[in-house]
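The residues making up each chain are set out below.
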Amino acid sequence: MKPEKNESSSTDFIRTIIAEDLRNNKNDGRLATRFPPEPNGFLHIGHAKSICLNFGIALENPAGVCHMRFDDTNPCKEEDAYVQAILEDVRWLGFDWGKNLFYASNYFDQLYDYAVELIKIGKAYVCDLKADEMRLFRGTLTEPGKDSPFRNRSVEENLDFFTRMRDGELAEGSHILRAKIDMASPNLNMRDPAIYRILKAHHHRTGDKWCIYPMYDFAHCLSDSIEKITHSLCTLEFADHRPLYDWFLDTLKVTHPQQIEFARLNLDFTVVSKRKLRQLVDEKMVWGWDDPRMLTLSGLRRRGYTPASIRNFCKTIGIGKRENRIDMGVLENSVRDDLNEIAPRVMGVLQPLKVIIDNYPEDQEEELEIANHPKKSEMGTRKIPFSREIYIEQDDFMEDPPKKFFRLGPGREVRLRNAYFITCTEIIKDKDGRVTELHCTYDPLTKGGSAPDGRKVKGTLHWVSARHALETEIRLYDRLFSVENPEADKEKDFKDFLNPDSLIKLTGCRVEPGLAELQPGRQVQFERQGYFCLDSVDSKPEKPVFNRIVTLRDTWAKLKKKK
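Scoring rules and cut-offs
Residues numbered from 1 in each chain as written. Predicted model: local features only at pLDDT ≥ 70, side-chain atom pairs only at ≥ 80, totals over all residues. Heavy atoms only, no water. Helix = DSSP H or I, 4+ residues; strand = E, 2+ residues; numbered from the N terminus. Contact = heavy atoms within 4.5 Å. Pairing = 2+ DSSP bridges. Axes fitted to C-alpha atoms, helices over the stretch in contact; angles between N-to-C directions. Buried < 20%, exposed > 50% of the residue type's maximum accessible area, 1.4 Å probe, protein only. Phe/Tyr/Trp six-rings, centres within 6.5 Å; stacked < 30°, edge-to-face > 60°. Lys NZ or Arg CZ within 6 Å of the ring centre and 35° of its normal. Salt bridge = Lys/Arg side-chain N within 4 Å of Asp/Glu carboxyl O.

(A) Spatial organisation of the environment of phenylalanine 35. Tracing the chain through its elements places phenylalanine 35 in strand S1 (residues 31-35). Note: C-alpha distance between phenylalanine 35 and asparagine 418 (383 residues apart in sequence) is 50 Å. Among residues more than four places away in sequence, those in contact with phenylalanine 35 are Leu43, His47, Ser50, Ile51, Phe55, Cys66, His67, Met68, Arg69 and Val90.

Following this line, the structure appears as structure tokens:
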């Protein structure tokens, strides 16, 4: 399913540029964007911004098309498993590339021919400098570089060496092919960058056909050109690479897409660097790429985020030219808003306290009909069992309640959601003084939650029937890092700021028995608690596991306000 066209549209400087190009019939009225990930990890929330931008612009324009392309030029780090995971993420987010699925590896023969052409016109040469020597020759931001001693090799000599590189005659690291541009350029990217290196590695698509592979900057712009992309949209860190992008295309006299840069997504309390996320995975600091604390798309999906909530988040933050940081609350509010509309309401008790209703017949039980959503009658109703013994939350009882505590206490009357009024008459404690059980009475005339005599109660509690409730594990997730910007302190490792309370596991929780039929990945609202999702990996019919997606309110905003 594709998102609605008006869902992703908004006004920003990129859309303004494209609209003007289409009005002027630039590119013969064509519009082609692309989303070009490297298959060396899983997509994260930052990629979602690019996906929504590139696919969204194509959706908004009748002439638009968006290519799904993998820039798979580094076989040492890439795997087909990453390819499949990325395709799944893009589909889940709601976008469809149709027939337009491409790989840079499709073009390896053509890219090789382009490299040969650069050699023939004197714009590329094979260099024998080792990596550390190249760094010395490259210069600095304030000092120009020095020409490689191999820069002036003849065309014939360069062609011979490049052929030998291709044929596997030369060792890894012994030679590279470099563009011949300007070692004195103020832009370090233009100081004779490498465009081919020797890598005797198995490629996930081409196998062992190649032992030389193009560098990203070389393959990326030419892949755009081969596919006749009109607008190559990328994040701001590629602005310094644009002169090189243009140089390759102009020098080879091929189709020249327009590169436009926009600000990447920087989100508080997380990192959006694939390299750093991989570090967390490799060092076992999280369960994997789909850990619900990770802001990878697979992690967000497992936690219970919806595609619509992420698309709406990307629309809300917009597209700009300047780097800034986005409050995590914006993302959390997006999923709250979406789930508020679509998630059925149920009751779940996270920290159960048993309540025995002494005047309710021991052998009696009944079914109460409850609406699945308070404002959406079309979502129907469900029946839940009620019996003499129920569970309520431990936090919903206080032995010596303060004035503004309106829940259950000795002698107090409260409402059980959609059931009856109950009054606490006795407290049972263990030898350590901990409350283990309450005894109450109920008013049978208050069925449904209101009293015929008109008396009011201020507290309404959620509950489940002890005899029928489903026992479950509930995982309370919080932000992965304890500080807004874990990368800000350059003297410390970003992992030093991992939040020790990012996961709390609760066992022995009780939920409505009807949730035994819930499918993995489905979201519900536990009334008064938050939004939850049945875990798609660890949950089993005999041992359900629920993930908390988000609380009902932004508790972090409250903490910040207090501070």
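(B) Representation of the sheet that holds S1. Here we have three strands laid out as an open sheet, ordered S1-S2-S3, and parallel in their pairing. Of all strands in the sheet, those with a lone pairing partner are S1 and strand S3 (101-103), marking the two edges. Averaged over all pairs of adjacent strands, the angle between their axes in this sheet comes to 35 degrees, without regard to strand direction. Along the sheet, helix H3 (residues 45-60) contacts S1 and strand S2 (64-70); its crossing angle with S1, the most-contacted strand, is approximately 160 degrees.

(C) Structural view of the side chain of threonine 270. Along the polypeptide, threonine 270 turns up in the loop between strand S10 (266-267) and helix H10 (274-282). In this structure threonine 270 touches Leu295, Arg325, Met328, Phe481, Glu484 and Pro486, once residues within four positions along its chain are discounted.

(D) Quick peek at the sheet that holds strand S17 (residues 389-393). Read across the sheet, seven strands follow the order S21-S18-S19-S20-S14-S17-S22 without closing on themselves; strand pairing throughout is mixed. Edge positions in the sheet fall to strand S21 (460-461) and strand S22 (464-465), since each of these pairs with one other strand and no more. Summarising the sheet, strand S18 (residues 413-416) and S21 pair through two bridges and their orientation is parallel. Following the sheet pairing, arginine 415 is matched in S21 by threonine 460.

(E) Unusual backbone geometry, seen in detail. Even without a glycine there, the phi angle at aspartate 28 is positive, about 60 degrees. Note that aspartate 28 resides in the loop between helix H2 (13-23) and S1. The phi dihedral of asparagine 418 falls on the positive side, at around 65 degrees, and the residue is not glycine. The class of asparagine 418 is partly exposed, set by a relative accessible area of 28%.

(F) Here's a closer look at the packing of aromatic side chains. This model, assessed by the stated rule, comprises 23 aromatic pairs. The interplanar angle of 80 degrees and the centroid separation of 6.2 Å between the aromatic rings of phenylalanine 108 and tryptophan 210 together place this pair among those described as edge-to-face. You can see phenylalanine 108 sitting in helix H5 (residues 108-120) and its partner tryptophan 210 sitting in the loop between strand S6 (194-198) and strand S7 (212-214), a full 102 residues away along the chain. Comparing phenylalanine 108 with tryptophan 210, the two get one shared label, buried. Here the aromatic cluster, defined as three or more aromatic residues joined through ring pairs, consists of Phe108, Tyr112, Phe162, Tyr196, Trp210, Tyr213, Phe218, Trp247 and Phe248. Between arginine 293 and the ring centre of tryptophan 287, over which it is positioned, the NZ or CZ distance is 5.5 Å. Sitting above the plane of the tryptophan 92 ring, arginine 301 keeps its charged end 5.2 Å from the centroid.

(G) Here's a closer look at the pattern of salt bridges. Enumeration over the complete set of coordinates arrives at 44 salt bridges. Its salt-bridge partner being lysine 209, residue aspartate 109 comes within 3.1 Å of it at the nearest N-O pair. Taken together, the residues span a long stretch of sequence, with aspartate 109 in helix H5 and lysine 209 in the loop between S6 and S7 at a distance of 100 residues. By relative accessible area, aspartate 109 is classed as partly exposed at 41%. Classification of lysine 209 by relative accessible area gives exposed; the value is 53%. Between aspartate 443 and arginine 455 there is a salt bridge, and its shortest N-O distance comes to 2.6 Å. Pair noted here: aspartate 443 is in strand S20 (residues 435-443) and arginine 455 is in the loop between S20 and S21, with a separation of 12 residues, a long-range link. Three or more residues are tied together by salt bridges with common partners; here these are Asp290, Arg302, Glu473, Arg475, Asp535, Asp538 and Lys543.

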